[in-house]
Amino acid sequence: MIRHRSFRPVLFLCAIVGAGLLGGCTTTMVQPWERAALTTYSMRTDRDPLASAMAEHTWFSREAATGGRGVGGSGCGCN
Amino acid sequence: MSRRNFQSILCAGLVLAAIVRAVAAPLGVGDKFPELSGIALEGKLPALEGRVLVVDFWASWCGPCKEAFPALARVHAWYGQRGVVVLGVSVDQKENEYADFLKKFTVRFPTVRDHEQKLVALVQVPAMPTTYVIGRDGRVRAILSGYHGAATDKELRTTLNTILAENSSP
């Protein structure tokens, strides 16, 4: 019984920390005015032409779908 | 941890989340717009007393913001004599980006920089750009989220005409 009582402050602390953590879930979104870093050139997926060309080559070699990446339609005939 | 304790933590978390959500609620139509003189903004504010205010939140990295500038400049020129002030509020944190942008593009209406992003965080703009039309009583009359060309221009002019008609009627 005594041992059970000693746990109460710990549980209370857990409740506070848990509440704080759950409350923090509401503020994790990047706001519209905070997106400056996301618009920089280094954030673009096509910033390196050579890497893009290699990725494209790998893609169509694997999928047998020339031009299937980035344009409408593909080799599968499903579009 | 017992089930009851877990439920207590979950409830407390949800209550806290709701409080955080309520405190950070975006500004809506009919709400009082924050007093601009009370916020540290870089740049000179134009005379706002008794004016209808059009506040446009923009950034140098935002493409649609640039597209909106000619229309805002026209509004500033056409409605200026009728007591409307267009004010651009840049949310750029880097001074050089803001200055370079102003050197490159001629912005034909007053603009200031919310370098600490305090005003924009208070207002909680839903998108970039967002234009707030504020009546002479300091309350938000319209919120134009994003820039959609002629549709946004028309909405802005309609709102301004309505406000100006109210103010001129006996």
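Everything that follows concerns the structure shown earlier in this document.
Scoring rules and cut-offs
- Residues numbered from 1 in each chain as written.
- Chains lettered and ligands numbered in written order.
- Predicted model: local features only at pLDDT ≥ 70, side-chain atom pairs only at ≥ 80, totals over all residues.
- Heavy atoms only, no water.
- Salt bridge = Lys/Arg side-chain N within 4 Å of Asp/Glu carboxyl O.
- Helix = DSSP H or I, 4+ residues; strand = E, 2+ residues; numbered from the N terminus.
- Buried < 20%, exposed > 50% of the residue type's maximum accessible area, 1.4 Å probe, protein only.
- Core = buried A, V, L, I, M, F, W, Y, C linked by side-chain atoms within 4.5 Å.
- Contact = heavy atoms within 4.5 Å.
- Pairing = 2+ DSSP bridges.

Another point: the pattern of salt bridges. Residue and element names in this part refer to chain B. Following the criterion strictly, the structure yields 4 salt bridges over all chains and no others. The salt bridge involving E42 is made with R113; its shortest N-O contact spans 2.8 Å. In this pair, E42 is assigned in the loop between α1 (3–23) and β1 (52–58) and R113 in strand β3 (residues 111–113), connecting sequence segments 71 residues apart. For E42, a relative accessible area of 27% corresponds to the partly exposed category.

Before going further, it helps to spend a moment on the nonpolar core. Ranked by internal contacts, the top residues of the largest apolar core, which has 50 residues, are F33, F57, L119, M128, Y132 and L160 of chain B. Where this core is concerned, the elements lending two or more residues are β1, α2 (63–79), β2 (84–90), α3 (95–104), α4 (118–123), β4 (130–134), β5 (140–145) and α5 (150–168) of chain B. Per-element tally for this core: the top contributor is α2 of chain B, with 8 residues. Beyond its immediate sequence surroundings of up to four residues, M128 of chain B is in contact with P32 and W33 of chain A together with F57, W58, A59, W61, C62, C65 and V91 of chain B.

Let's shift gears to the pairing of β4 of chain B. Residues and elements named next belong to chain B. Counting buried residues along β4, 5 of its 5 residues qualify, which places the element largely inside the surrounding structure. By the alternation rule, side chains of β4 split into T130, Y132 and I134 and T131 and V133, which are all buried. Note that β1 and β4 share 5 bridges and pair antiparallel. In the sheet register, F57 faces β4, and the bridge partner there is T130. Both β4 and β5 contribute to a ladder of 5 bridges, which runs antiparallel. If you follow T131 over to β5, its bridge partner there is L144.

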